[in-house]
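Read off the chains here:
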Amino acid sequence: MKKVYMCFSTDIIHSGHISIIEKASRLGDVYIGVLPDDVVAGYKRYPLIEFEERKKIISHIKGVKEVVEQATLSYADNLRKYKPDYVVHGDDWKIGPQKEVRDEVIAVLNEIGGELVEFPYGTDLSQNILDEYSKFQLSIPDMRRGRLKKILKSEGFLTAMEAHNGLTGVLVENTKVKKGDVVKQFDAMWVSSLCDSTAKGKPDIELVDITSRVQTINEILEVTYKPIIFDGDTGGLPEHLAYNVRTLERLGISAIIIEDKIGLKKNSLFGTDVEQTQDSIENFSNKIRVAKQAQKTGDFMVIARIESLILEKGMDDALERAFAYVDAGADGIMIHSRKPDPDEIFEFIERFRSKNTGTPIVVVPTSFNKVTETEFREKGANIVIYANHLTRSAFPAMKKVCEIILENERSSDADEYCMSIKDILNIIPQG
Ligand code: SPV
Ligand code: MG
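Residues numbered from 1 in each chain as written. Chains lettered and ligands numbered in written order. Predicted model: local features only at pLDDT ≥ 70, side-chain atom pairs only at ≥ 80, totals over all residues. Heavy atoms only, no water.

Engineer: An account of a nonpolar patch on the surface is needed here, citing residue identities and associated values.
Structural biologist: Taken together, the side chains of Leu167, Met419, Ile421, Ile424, Leu425, Ile427 and Ile428 present a nonpolar region at the surface, about 630 Å² in accessible area. For isoleucine 427, the position within the fold is in the segment after α17 (421-426). Assessed through its relative accessible area of 31%, isoleucine 427 is described here as partly exposed. (Patch = residues over 30% accessible without salt bridge, like charges linked within 9 Å, V, L, I, M, F, W, Y side chains within 5 Å. Areas by Shrake-Rupley, 256 points an atom, 1.4 Å probe, with all protein chains shown as cover. Salt bridge = Lys/Arg side-chain N within 4 Å of Asp/Glu carboxyl O. Helix = DSSP H or I, 4+ residues; strand = E, 2+ residues; numbered from the N terminus. Buried < 20%, exposed > 50% of the residue type's maximum accessible area, 1.4 Å probe, protein only.)

Structure, rendered in structure tokens:
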């Protein structure tokens, strides 16, 4: 019996897929490579159905002999491993983003003595309609909320970039970089109190109230699909926190991070330059319990943020708090530092992990920003948040343009700092 290899990234199986599998099975035993969730996400969008479930569904289609993981968009490894006589694909990949993959498939097939068989791919609208429908599904609060936990579970690690309005949300949603065979993108968004406040021209002192913060969130929700982590500052009064947790949860937010400070909150990166007071373990543990009791779904996460290192209270205090907050029900721990070197963050992670291997650890490397994601991952961190970088990068360019126009009394001199009109018109998909 000949061997036929196909690769499936789809999560919505329709008659087109069934018909191509049917044709393929006439050529021999059909082996189907299924792409992991992060690879599908890089290639088109986060799949509605997770990897294991997709594998199971596809394995039950008539004519499929075996389902295997294809770890990358490239077929090369699996072709060399399974040495199929045929690779079957629709003829729709001769142009466009898949052309490179196709060229490589042909090259590897030449090497192993196989043949590429392409069947006409129905170009009816159904795939586009299904894709639009899938995107809509991903934006539904119930779908979006749970995705952070799902990514944590399947990948063990994720990154988030700050977003403070629709435009920055779109940037975080759509920016992708191809690194070799891998498409890199941010997994989630961080709605930072610093950036949300700064965008409104206000200090980061819990002055921008929850109504206004929710307004920002709604702007982002309307135009994006990725999960959102909300910076909940101190969480405020427990009675308010319970209400706000339900509001966030209802909107489809995946997690709130609350920090163990009390009184007039100042931004952590001021450290001890300003007066800031840490809450007691008892009080803050109570806040965590209140937040956990308030949530209605199993998806939502309450992450406790420890300010001991920021406030120079020492490593032992940070660790004592971490274990107490986990006992109180925290779904994750964020450890913060404003030191440029990561030693205290690494020490915290190591000591915490020696007793707790499961609770996700969040880091915000604004100061200790030479550490790579791989290093954080190896040390045992699970979420890396780039907390303020879009605000900090946009502002200098805007300021420069103001100055150039004031100086020259016309705008053409500032052109090199501005994107073209054509580009700004196209930055947002129309319609
Ligand atoms: C924020 O982004 O608002 C944060 C992180 O809370 S930090 O600014 O480092 O305190
Ligand atoms: Mg903040």
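Next comes the rest of the account.
Engineer: Lay out the pattern of salt bridges in plain terms, naming residues and giving numbers.
Structural biologist: This structure, assessed with the given rule, holds 30 salt bridges. For the salt bridge of lysine 99 with aspartate 103, the shortest nitrogen-to-oxygen distance reads 2.9 Å. Of this pair, lysine 99 and aspartate 103 both sit in helix α5 (residues 99-112), four residues apart, which is roughly one turn of the helix. By relative accessible area, aspartate 103 is classed as partly exposed at 34%. Each of Asp196, Lys200, Asp204, Arg213, Asp233 and Lys265 takes part in a single network of salt bridges with overlapping partners.

Engineer: Any details on the coordination of the magnesium ion (ligand 2)? Residues and values, ideally.
Structural biologist: Coordination of the magnesium ion (ligand 2) by the protein involves Ser193 (OG) and Asp231 (OD), with metal-donor separations of 2.1 to 2.2 Å. Here the residue serine 193 occupies a position in helix α9 (residues 193-199), and aspartate 231 occupies one in strand β10 (residues 228-231), the gap between them amounting to 38 residues. Taken individually, serine 193 and aspartate 231 each receive the classification buried, so the pair is uniform in this respect. (Donors = N, O, S within 2.8 Å, 3.2 Å for Na, K, Ca; no water.)

Engineer: Please give an account of the sheet that holds β10 that cites residues and values.
Structural biologist: Strands sit in the order β6-β9-β10-β11-β14-β15-β16-β17 around a closed barrel of eight strands; the barrel is parallel. Between one strand axis and the next, the sheet turns through 25° on average, direction left out of account. Where β10 lies against strand β11 (residues 255-259), three bridges are found, and the strand directions are parallel. Bridge pairing in β11 links phenylalanine 230 to isoleucine 256. Of the strands in this sheet, β6 (158-162) and β17 (383-386) touch helix α16 (residues 389-408), which is tilted by about 40° from β6. (Pairing = 2+ DSSP bridges. Axes fitted to C-alpha atoms, helices over the stretch in contact; angles between N-to-C directions. Contact = heavy atoms within 4.5 Å.)

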